[in-house]
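Remarks on the overall topology
The chain contents come next:
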Amino acid sequence: MTGSEGCRVFVVEDEFLVALQIEDDLVSAGYVVVGPFTTLQGSIIASREQKFEVATLDLNLRGEFVYPLVDELLERGVPVLLLTGYTVSDLPERFRALPRLAKPFDGPELIRQVEGLLAAR
């Protein structure tokens, strides 16, 4: 049994093919995917209703930044991995120290980052 088996990952991503790849990578590694969610409002509602151990968040959902969701998850103590094409200096200062995976990224790196977040809990 691996540490990932049954672990639930909350996924927010508005690009269909990227969301499919994230889901495939996570499922192949033994994770349970919650989502993917494609809008800020939908992801906030789902994050309050669903159970999960870690979140991967696309920062920009069709022009709408997910900063309110990031704040809420961090307040709840949920580990967050930001998936973005933005550089660290483009992020609000309060998010610059968060783990970030620059797009485009590969599946093994995504899994390493998620595993790292889970190990640090």
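Residues numbered from 1 in each chain as written. Predicted model: local features only at pLDDT ≥ 70, side-chain atom pairs only at ≥ 80, totals over all residues. Heavy atoms only, no water.

**Concerning the overall build of the protein**
Secondary structure assignment for the protein yields 4 helices and 7 strands. In sequence order, the secondary structure elements of the protein are arranged as β-α-β-α-β-β-β-α-β-β-α. Relative to the compact-globule value of 14 Å for 121 residues, the protein shows a C-alpha radius of gyration of 13 Å, a close match. On the principal axes, the C-alpha backbone points of the protein span a range of 40 × 30 × 30 Å. Every one of the 121 residues in the protein was classed for burial, and the buried ones make up 43%. Once local pairs closer than 6 in sequence are excluded, the contacts in the protein between residues at least 24 apart make up 64%. (Helix = DSSP H or I, 4+ residues; strand = E, 2+ residues; numbered from the N terminus. Rg over C-alpha atoms; globule rule 2.2 N^0.38 Å. Buried < 20%, exposed > 50% of the residue type's maximum accessible area, 1.4 Å probe, protein only. Contact = heavy atoms within 4.5 Å.)

**Considering the side chain of D58**
With respect to the helices and strands, the residue D58 is situated in strand β3 (residues 54-58). By relative accessible area, which is 4% here, D58 ends up buried. Only 3.4 Å separates the side chain of D58 from the backbone nitrogen of N60, close enough to count as a polar contact. Not counting residues up to four positions away in its chain, the partners in contact with D58 are V12, E13, D14, V66, L83 and K103. (Polar contact = N/O pair within 3.5 Å; in protein donor to acceptor, adjacent residues only side chain to side chain.)

**A look at the sheet that holds strand β1 (residues 8-12)**
Pairing is parallel across the open sheet formed by 5 strands, whose spatial order is β2-β1-β3-β6-β7. A strand with exactly one partner marks an edge of an open sheet, and here the two such strands are β2 (32-37) and β7 (100-102). Averaged over all adjacent pairs, the angle separating strand axes in this sheet is 15 degrees, with direction ignored. In the sheet, β1 pairs with β3 via 4 bridges, with the strands oriented parallel. (Pairing = 2+ DSSP bridges. Axes fitted to C-alpha atoms, helices over the stretch in contact; angles between N-to-C directions.)

**Topic: the UniProt feature "domain: Response regulatory" (unreviewed entry) in the protein**
Mapped onto this numbering, the UniProt entry gives "domain: Response regulatory" (unreviewed entry) at residues 8-118. The distance from the first to the last C-alpha atom of residues 8-118 is 11 Å, and the span holds 40% helix and 25% strand. (UniProt positions renumbered as here; feature names shortened; annotations may be inferred.)

**Overview of the pairing of β3**
Among the 5 residues in β3, 5 count as buried, and that is most of the element. Every second residue of β3 is oriented toward a common face, with V54, T56 and D58 on one face and A55 and L57 on the other, all of them buried. Alignment of β3 against strand β6 (residues 80-84), held across 4 bridges, turns out to be parallel. Across the sheet, residue A55 finds its bridge partner in β6, namely V80.

**A look at a nonpolar patch on the surface**
On the surface, a nonpolar cluster with roughly 360 Å² of combined accessible area is contributed by F16, L17 and L20. For L20, the position within the fold is in helix α1 (residues 16-28). For L20, a relative accessible area of 41% gives the class partly exposed. (Patch = residues over 30% accessible without salt bridge, like charges linked within 9 Å, V, L, I, M, F, W, Y side chains within 5 Å. Areas by Shrake-Rupley, 256 points an atom, 1.4 Å probe, with all protein chains shown as cover. Salt bridge = Lys/Arg side-chain N within 4 Å of Asp/Glu carboxyl O.)

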